[in-house]
Structures are given as structure tokens and as C-alpha cells.
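Residue-level structure breakdown
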Amino acid sequence: MQLQNRKIVLGVSGSIAAYKSCELLRLLVKNGADVYVALTEAASKLVAPATFEALSHHQVSTEIFDDTNHIKHIELSANADLIVIAPATAQTIAKLAHGFADNMLTATVLAAPCRTIIAPAMNQRMYQNQATQDNLEILRKRGFIILTPEDGDLACGEKGSGRMQDVDKIFNFICAILNSREGIPFAGYSQYLPSPANPLALGQTKLLPKVLGANLKVLITAGPTEEPIDPVRVITNRSSGKMGYALAEAARDMGATVTLISGPVNLNCPNGVRRINIRTCADMLNAIKDQVANADIVIGCAAVSDYRLAYVYDHKLTKNDTGDSITLTLIKNEDIISYVGHLEEKRPFTVGFAAETDHLEEHATEKLKRKNLDLIVLNDVSRQDIGFNSDLNEVSVFDKDGLVSKFTKAPKSVIARQLMELIFQNARSSKA
Ligand code: C5P
């Protein structure tokens, strides 16, 4: 039973391929999934809701207010591990791309914290139309997974690209995603798929824990900060932001909703992650204050400047202003992660980083206590081969009782996955 304990929302929109979703539903249920079907009105004209009700053993919904005792689109989306829209018509894709919530299916997707897979099915010209392609691109950028339609015979009698992927392939893909250790295999996901000639046998995959980050909101600070001296000069540091961004990607891949508060870095915002750009420590603190009440986990990965200028010049300083030497007075910045750690209300699970050159463990555990953190991740920045500005890292993690885990030298993306797994597990058990 590869899908035991998995809750899936199956969205069906009004393409002729809607009849195939009955077979998909049957396979999902047979493999243990608990499936709730949301039909669009057009789909309900192609296949009777009673068919889906009989196969899913649940009432099928079309309109938002079918049952006024429950806010069903919110219940459906909050509890789902995955939403699969198969078939997805050009109309439904357009609505999703633009945030419509005018029926049970679109409203459920809009409210969903979990991932959505879309299997388009339509006439080839509708599929190729720039409007549809643009809409799919919008969804792709938001982290939706699009199962590109195949070439073949179309219901309209034409041949071309627009045929929904085979039900077996969609089913295998769902199993691969829900059983993969990474939660959602994002880039290069095809490596997780069994070959079509060799589909997964029942019970062949080991059911791994539910997507660890599902329903959790993670706020991550990343990169350096800049403290202005005058309109063109700043005090900053060499943080690349790579570790914080890798954490954001890993958390997203594990199903969490992620916001990055980022200093100026040379990195693209990962798909599906919301980014708030800041420059100074004060900006970062303000962004944290705005967002923290909505976060379950805050990770302070940024290299925040400990000091700022006591006085910022409003014009560019020249040698005439400063002569042979210049004295700048610096005053202490607020410690952001310590502010989060000491919150008395709605304190999230709080994780800090310690970049140390000596007395590593002693300094890290002292910071953990002083900042009232749940976990601290220790980096040895005296080493040239890891840490600051490198693609590699090696870290140890401590809690108030001492060493929790050590992750040996590996690319930051790997360390990030290991860290996020540990953070999610600890955050969930601290809530329980
Ligand atoms: O005390 P130190 O700067 O070494 O602590 C590092 C940890 O504190 C990191 O998690 C960093 O993001 C956070 N920090 C912060 N605000 C500051 C300074 C550091 O959140 N002003």
C-alpha cells in the first residue's frame, strides 16, 4: 500500500480526458490513499459525480457552498498532502495562474499549503497558445509541477501535443513524490520515476514519513547586511547567502511555505519561495517583526552586521572632508535572532548559526543560551575549504543539552537538506 495515510485532492476539470481520472482515482484508492475529488461544473457534465463518489467513498464537491456547515475548500486544502489536477483544462490553468477561487477546485488550490501537480489536457492549439503557455510558466515559477502533455490522438480528431499523460505515469509520479525522501523531487525528478516499462509494483516502495515540512511556515534570514556610511559607501561582509538560500530550497522541497529575508546577494530567489529584500540590520529586524507572528520556524542564517554607523553622512565623503584619517563611530545593532528567541508570545521554533574560529563548541553553546535558541548550527570559519563563500559546508548542531548531530563535509544543498530534516523533526516534537 504505497499511499497509505496519504490524503490527496484530485481535481478534475472539463476535458474529455475526465473519464481517465476515474481510473486514476481507482488506482490511488486501491493503493491506500484517501482521495477527495473536486470537480469543476464542466467536468461534472462529462462524468457524473456519483462515479467519483462511489470510487472515492467521499462526497464530491463542485461549488464552494455545496455544504454550508463546513468550509470545505479550506478543510480539503489544509489536510492534503498533495493536489493533483488531472485533467487540467486551459480554463482551469488560467484561473489558477491568476488566483481565481470561483469553484471548489480553484479555491482549494488557492488555500493549499501543499504542492499541486497539473496534468494539462486540451486541443493542441489551445495548449500551444501563448496565453496557456504563459499561464503554465507562471504556475511553474510558483512551484506547481506540470506534467507536460504528450503527442498523440486528441479527442477533437486532431493529432498533436495536448494529450494528458497516461494515467499509469501520473500514478507512478504521485507515488514517487509521496515516497521520496526529499518530499518533492524538484529538479531532474525523472530520476525518481520508475521506467514506464518497469512500473512500481505494489509494496515495492518503502513508505517514508509524511512530507516533513507540510503545513509549516519557515522564515529564513540570509546573506550579508549593509550599513551605510554615506550615500555610496557601506560596511558589509563576504557572506554569499548560499547556505540560507539552500535552506530555503530544502524547506520548500519538503513541503513548507518559505519566506527569505535576504541581504544583497548574487542569487536568484528559488521558485516557490517568497523573498523580502533588505539592506540594513534595521530593515531586517523590521521585516522579521512584520513576519514573525506568522512563522512556525525562524532560522537566522544571515551574517548580520553587529554595528552600524552612529552617524550616516547625507553626502559622499571626500578626502577634503576627512583629511588623512577618519574616525567612524559605530553603535551596536539589535540581535535579530535573539529578539525572536526571547519573544514571549507566539515564539516560533528558533534556530541560529554560529560562525566561529576558536573555542567552537563553547562559543556556540554560549550563544544558544544567551539568544534563547532551540538549536544552533556551528560552522568553523577558520577553515578555507568550507563555510563563508564556499559551496561546501560541514556543521554540528547543538541544543541546550549539547551535541545533537554532526553533518560531515558536503555541498551546501546536501547539508541544507540534512539540517531541514533535523529542524522540522525537532520543531514538530517541540510543538507536540
Ligand atoms: O553573535 P553572532 O553574530 O555570532 O551570532 C550569529 C547568529 O546570530 C546567526 O544566527 C545570525 O544570523 C544571528 N544574528 C542576528 N542579528 C544580529 C547578529 C547576529 O540575528 N545582529
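Residues numbered from 1 in each chain as written. Predicted model: local features only at pLDDT ≥ 70, side-chain atom pairs only at ≥ 80, totals over all residues. Heavy atoms only, no water.

What follows covers the side chain of Ser-390. By the element assignment, Ser-390 lies in the loop between β17 (375-380) and β18 (392-399). A distance of 2.9 Å separates a polar atom in the side chain of Ser-390 from the backbone nitrogen of Leu-392. Other than its neighbours up to four places away in sequence, Ser-390 contacts Lys-242, Asp-385 and Lys-412. (Helix = DSSP H or I, 4+ residues; strand = E, 2+ residues; numbered from the N terminus. Polar contact = N/O pair within 3.5 Å; in protein donor to acceptor, adjacent residues only side chain to side chain. Contact = heavy atoms within 4.5 Å.)

Moving on to the sheet that holds strand β11 (residues 257-262). The strand order across the open sheet formed by eight strands is β12-β11-β8-β13-β16-β17-β18-β19, and the pairing between neighbours is mixed. Edge positions in the sheet fall to β12 (274-277) and β19 (402-411), since each has one partner strand and no second. For this sheet the average axis-to-axis angle between neighbouring strands, irrespective of direction, equals 20°. As judged from the seven bridges shared by β18 and β19, these two strands associate in the antiparallel manner. When the bridges of β19 are listed, Val-395 appears paired with Phe-407. Together, β8 (217-222), β11, β12, β13 (297-300), β16 (349-356) and β18 form the strand contacts of helix α10 (residues 242-253), whose direction differs from that of β11 by roughly 170°. The strands touched by helix α11 (residues 281-291) within the sheet are β8, β11, β12 and β13, with β8 carrying the most contacts at an inclination of about 180°. (Pairing = 2+ DSSP bridges. Axes fitted to C-alpha atoms, helices over the stretch in contact; angles between N-to-C directions.)

A word on the pairing of strand β7 (residues 159-163). As defined by bridge partners, strand β6 (residues 150-153) adjoins β7 across four bridges and the pair is classed as antiparallel. Across the sheet, residue Glu-150 finds its bridge partner in β7, namely Arg-163. Taking the residues between adjacent antiparallel strands as the criterion, β6 and β7 are bridged by five residues, where Gly-157 takes a positive phi near 100°.

Okay, the nonpolar core next. In terms of nonpolar packing, the biggest core is built from 37 residues, with Leu-247, Ile-299, Leu-419 and Phe-424 touching the most fellow members. Setting aside residues no more than four positions away along its own chain, Leu-419 makes contact with Met-243, Leu-247, Phe-353, Val-377, Val-395, Val-397 and Phe-407. Counting 36 residues, the second-largest nonpolar core is a separate cluster that includes Ala-43, Ala-121, Ile-145 and Leu-178. (Core = buried A, V, L, I, M, F, W, Y, C linked by side-chain atoms within 4.5 Å. Buried < 20%, exposed > 50% of the residue type's maximum accessible area, 1.4 Å probe, protein only.)

Where α10 contacts helix α15 (residues 412-431), the two axes come as close as 8 Å, and the packing angle between them is 55°. Considering the angle they form, α10 stands oblique to α15. In this structure, α10 crosses over α15, and the sense of that crossing is right-handed. Contacts from Lys-242, Met-243, Ala-246, Leu-247, Ala-250 and Ala-251 in α10 reach Lys-412, Ser-413, Ile-415, Ala-416, Arg-417, Leu-419, Met-420 and Phe-424 in α15. Grouping the constituent residues of the contact of α10 with α15 by class yields ten nonpolar, one polar and three charged. (Parallel < 35°, antiparallel > 145°, perpendicular 65-115°, else oblique. Left-handed = near helix turned anticlockwise from the far one by under 90°. Nonpolar A, V, L, I, M, F, W, Y, C, P; charged D, E, K, R; others polar.)

Glancing now at the pattern of salt bridges. Considering all chains together, one arrives at 20 salt bridges under this definition. Between Asp-391 and Lys-242 there is a salt bridge, with the nearest N and O atoms lying 2.9 Å from each other. Residue Asp-391 is found in the loop between β17 and β18, and its partner Lys-242 is found in helix α10; the two are separated by 149 residues along the sequence. Judged by relative accessible area, Lys-242 falls into the partly exposed class, the value being 26%. Salt-bridge contacts for Lys-400 lead to Asp-401; the nearest nitrogen and oxygen are separated by 3.9 Å. (Salt bridge = Lys/Arg side-chain N within 4 Å of Asp/Glu carboxyl O.)

It is worth spelling out the site of the ligand at this point. Contacts to the ligand come from 13 residues, most closely from Gly-300, Ala-302, Phe-353, Lys-367 and Lys-371. Within the backbone of Gly-300, an N or O atom sits 2.5 Å from an oxygen atom of the ligand. Out of a free accessible area of 450 Å², the ligand has 87% covered by protein chains. Secondary structure elements with two or more residues in the shell around the ligand: α13 (336-341) and β16. (Near = heavy atom within 4 Å. Areas by Shrake-Rupley, 256 points an atom, 1.4 Å probe, with all protein chains shown as cover.)

Per the counting criterion, the structure on display carries zero disulfides. Take Cys-281: it sits in no disulfide, and the sulfur closest to it among the cysteines is that of Cys-301, at 15 Å. Cys-301 carries a free sulfur, and the closest cysteine sulfur to it, the one in Cys-269, is 15 Å from it. A relative accessible area of 13% means that Cys-301 is categorised as buried. (Disulfide = S-S within 2.5 Å.)

With that settled, the discussion passes to the layout of surface pockets. The computed volume of the largest pocket comes to approximately 940 Å³. Lining the largest pocket are 40 residues, and of these Ala-302, Ala-303, Val-304, Asp-306 and Phe-353 lie nearest its centre. When residues of the lining of the largest pocket are traced back to their parent elements, those giving at least two are β8, α10, α13, β16, α14 (360-370) and β17. A total of four residues in the lining of the largest pocket trace back to one element, the largest contributor, which is β16. Tallied by class, residues from the lining of the largest pocket come to 16 nonpolar, 15 polar and nine charged. Roughly 540 Å³ of internal volume is contained in the second largest pocket. Together, 22 residues line the second largest pocket, and Ala-112, Cys-114, Arg-142, Phe-144 and Gly-272 are the ones closest to its centre. The element best represented in the lining of the second largest pocket is helix α6 (residues 104-111), accounting for three residues. Structurally, the lining of the second largest pocket is a two-domain feature, drawing no fewer than three residues from each of domain 1 (7-191) and domain 2 (217-431). (1 Å grid on protein atoms, 1.4 Å probe; cavity = no way out; pocket = protein on both sides within 12 Å on 5 of 7 lines; lining within 4 Å. Points joined across faces, edges and corners; volume = space filled by probe spheres on them. Domains from an automatic or database assignment.)

Let us look at the domain arrangement of the protein. Per the domain assignment, the segments of the protein are domain 1 (7-191) and domain 2 (217-431). For domain 1 versus domain 2, the distance between C-alpha centres works out to 38 Å.

Across the protein, the average pLDDT comes to 87, with 91% of residues at or above 70. When the criterion is pLDDT under 50, residues 181-210 qualifies, and its contacts beyond four places in sequence or with other chains add up to 57 contacts. (pLDDT = per-residue confidence, 0-100.)

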